[in-house]
Amino acid sequence: MPPQSSALTVLGIETSCDETAAAVVRLEDGRVTEVASVIASQIADHAPYGGVVPEIAARAHVELIDDIVAQAMAKAGLTYDDLDGVAATAGPGLVGGVMVGLSFGKAVALARDLPLVAVNHLEGHAVSARLAADIPYPFLLLLVSGGHCQLLEVAGIGACRRLGSTIDDAAGEAFDKIAKSLGLPYPGGPALEKLAVGGDGAKFPLPRALLGRDGCDFSFSGLKTAAARMAVKVTNETERRDLAAAVQDAIARQLMERTDRAMALYAETHGPGERRFVVAGGVAANKTVRAVLEAAATKRGFTFDAPPLAYCTDNAAMIALAGAERLAAGISDDLGAVARPRWPLDEAAAKANPTHVPGRKGAKA
Ligand code: KG4
Ligand code: ZN
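Residues numbered from 1 in each chain as written. Chains lettered and ligands numbered in written order. Predicted model: local features only at pLDDT ≥ 70, side-chain atom pairs only at ≥ 80, totals over all residues. Heavy atoms only, no water.

> Explain the packing of aromatic side chains here, please?
Pairs of aromatic rings are described using the distance from one ring centre to the other and the angle between the two planes. Considering all chains together, one arrives at four aromatic pairs under this definition. Their ring planes at 10° and their centres at 6.3 Å tell us that F218 and F220 sit as a pair that is stacked. Neither F218 nor F220 differs from the other in exposure class; each is buried. Ring geometry for F277 against F304: centres 6.1 Å apart, planes inclined by 40°, an arrangement best described as tilted. With F277 in strand β9 (residues 276-280) and F304 in strand β10 (residues 303-305), the pair connects residues that are 27 residues apart, well separated along the chain. (Phe/Tyr/Trp six-rings, centres within 6.5 Å; stacked < 30°, edge-to-face > 60°. Buried < 20%, exposed > 50% of the residue type's maximum accessible area, 1.4 Å probe, protein only. Helix = DSSP H or I, 4+ residues; strand = E, 2+ residues; numbered from the N terminus.)

Structure, rendered in structure tokens:
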């Protein structure tokens, strides 16, 4: 019998927020190749409303999904017969959109008799840096996006331990909301970064939440309120630029301070050879955020990795890779897998820490 190939070719589908995305990834002996990746952004659909409108997102996903998957397959030059599995985001996210991508994935799996992997979107972000660089497990991860802000010890696929998370807003949400109060368009993070160029952040002293507090949790709501109050008093373009720089510095500083604590904790149980730090998620696209985190990592003796920009924001290549790694580990899901609006990566930590109970009293992220 010819030797069995360990290569896996997996189609990934991502529809949890405002990007309809499909990608094909190949995983062979631990090496990853992106075969094709297609992303249709709905930014223009949501921009008039200043944020993502779930109903509009779900409808747009329905309209786009067939074409985006077909484009990814055509770009890859493959047919469904060439696939070894299908991975689709099953949550957390806007559930109407998640259902669209997950149902599509199930349909392909059923029609082609392929294994289905129902992927946690956060696990996609967790593995995203591995699409572009050889980053072995374990590593310390800061996941910072529009919906999430968490520090995780990633020991392997399906083995994440949460060290901290936001007790109110996510960092990207803070960027977006403060940008809105500065009159910037959605999505606010990149627009605020652009405005901040050349600004003097020291002109607007902003509160430093959780400074010196134990643990690795985050809080951005005080900063958001303070910045919104200052924004209404801003009278000219220079002040606007200075305030944008102050906000960016304040968010970056908090991310760095809490990550520094997590690095100290992580280093207690991991030798120098395992001290790797990865930042992922949309906010990792921010150059100031990257720079302060890289400096902190270097100071603590950690390697620093951040995915290329295309893998920081939502994409399907990271979902395909998470799916491929799960399949390689012998893990797949049945067609009864459900779409989940909330789905913590580390369910034990989420249950144990009551400040993170989802709902009105707890963290959104
Ligand atoms: O990972 P992502 O595409 O979606 C979620 O899973 O949430 O992240 C989107 C978030 C938005 O809040 C956006 O404003 C933020 O990432 N973002 C940035 C930058 N690029 C994207 N924030 C700050 N600076 C940027 N350059
Ligand atoms: Zn995301």
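> Would you mind going over the sheet that holds β9 with me for this structure?
Whether parallel or antiparallel, the strands of a sheet pair through hydrogen bonds between backbone atoms. The strand order across the open sheet built from five strands is β8-β7-β6-β9-β10, with neighbouring strands paired in mixed fashion. The open sheet terminates on both sides in strands that have one partner only, identified here as β8 (159-165) and β10. Recorded for the sheet is a direction-independent mean angle of 25° between the axes of neighbouring strands. Pairing of strand β6 (residues 139-144) with strand β7 (residues 149-156), which is carried by six bridges, proceeds in the antiparallel orientation. Paired with V144 across the bridge in β7 is C149. Along the sheet face, helix α9 (residues 287-299) touches β6, β9 and β10 and points at about 160° away from the line of β10. (Pairing = 2+ DSSP bridges. Axes fitted to C-alpha atoms, helices over the stretch in contact; angles between N-to-C directions. Contact = heavy atoms within 4.5 Å.)

> Explain the coordination of the zinc ion (ligand 2) here, please?
Six octahedral donors around a metal ideally make angles of 90 or 180 degrees; four tetrahedral donors ideally make 109.5 degrees. Bound to the zinc ion (ligand 2) are the protein donor atoms H121 (NE2), H125 (NE2) and D314 (OD), situated 2.0 to 2.1 Å from the metal. With four donor atoms in place around the zinc ion (ligand 2) and angles of 95 to 137° between them, the coordination shape is irregular. Site description for the zinc ion (ligand 2): donor spacing in sequence, H-x3-H-x188-D. Of the two residues, H125 sits in helix α4 (residues 121-127) while D314 sits in the loop between α10 (309-312) and α11 (317-328), which places them 189 residues apart along the sequence. In this structure, H125 and D314 share a single accessibility class: buried. (Donors = N, O, S within 2.8 Å, 3.2 Å for Na, K, Ca; no water. Tetrahedral: all angles 85-135°; square planar, octahedral: opposite > 155°, others 65-115°.)

> Please clarify how the side chain of R258 should be interpreted in this entry.
Here R258 is to be found in helix α8 (residues 237-269). It turns out R258 is buried and unbridged, and the closest side chain with the opposite charge, E257, is 6.3 Å from it. Setting aside anything within four residues of it in sequence, one finds R258 in contact with L151, L210, R213, D214, G215, C216, D217 and F218. (Lys, Arg positive; Asp, Glu negative; His and termini not counted. Salt bridge = Lys/Arg side-chain N within 4 Å of Asp/Glu carboxyl O.)

> For this particular structure, what's the right way to read the pairing of strand β3 (residues 31-41)?
One face of the sheet, then the other: side chains in a regular strand alternate in exactly this way. With ten bridges joining them, strand β2 (residues 19-28) and β3 adopt antiparallel strand pairing. Bridge pairing in β3 links L27 to V32. Counted along the chain from β2 to the antiparallel partner β3, the turn is two residues long, and its residue D29 has a positive phi close to 50°.

> What's the story with the site of ligand 1 in this structure? I'm lost.
Looking at ligand 1, there are 18 residues lining it, with G146, D176, E193, G282 and D314 nearest. Measuring from an oxygen atom of ligand 1, one finds a backbone N or O atom of G146 at 2.8 Å. Within the contact set of ligand 1, an oxygen atom lies 3.0 Å away from a backbone nitrogen or oxygen of D314. Protein coverage of the free-state accessible area of ligand 1, which is 550 Å², stands at 89%. Of all the elements in the fold, those that place two or more residues in the shell around ligand 1 are α4, α5 (171-181) and α6 (188-196). Residue classes in the shell around ligand 1 are distributed as five nonpolar, ten polar and three charged. (Near = heavy atom within 4 Å. Polar contact = N/O pair within 3.5 Å; in protein donor to acceptor, adjacent residues only side chain to side chain. Areas by Shrake-Rupley, 256 points an atom, 1.4 Å probe, with all protein chains shown as cover. Nonpolar A, V, L, I, M, F, W, Y, C, P; charged D, E, K, R; others polar.)

> What is the right way to read unusual backbone geometry from this model?
The amide bond that connects G91 to the next residue, P92, takes the cis arrangement and shows omega of -10°. Secondary-structure assignment places P92 in the loop between β4 (85-91) and α3 (95-112). With omega at -5°, the peptide bond leading from Y186 into P187 counts as cis. Relative to the helices and strands, P187 is located in the loop between α5 and α6. You will see that D29, though not glycine, has its phi angle at about 50°, which is positive. Mapping D29 onto the fold places it in the loop between β2 and β3. Relative accessible area serves as the criterion here: at 58%, D29 is assigned to the exposed category.

> Quick question: what am I supposed to make of the sheet that holds strand β1 (residues 8-14) here?
Pairing is mixed across the open sheet formed by five strands, whose spatial order is β3-β2-β1-β4-β5. Of all the strands in the sheet, the pair left with one neighbour each is β3 and β5 (116-120). Taking the axes of each pair of neighbouring strands and ignoring which way they run, one obtains an average angle of 20° across the sheet. Relative to β2, β1 is paired through seven bridges, and the arrangement is antiparallel. Bridge pairing in β2 places V10 opposite V25. Each of β1, β2 and β3 is contacted by helix α2 (residues 54-76), which is oriented at about 30° to β2, the strand it contacts most.

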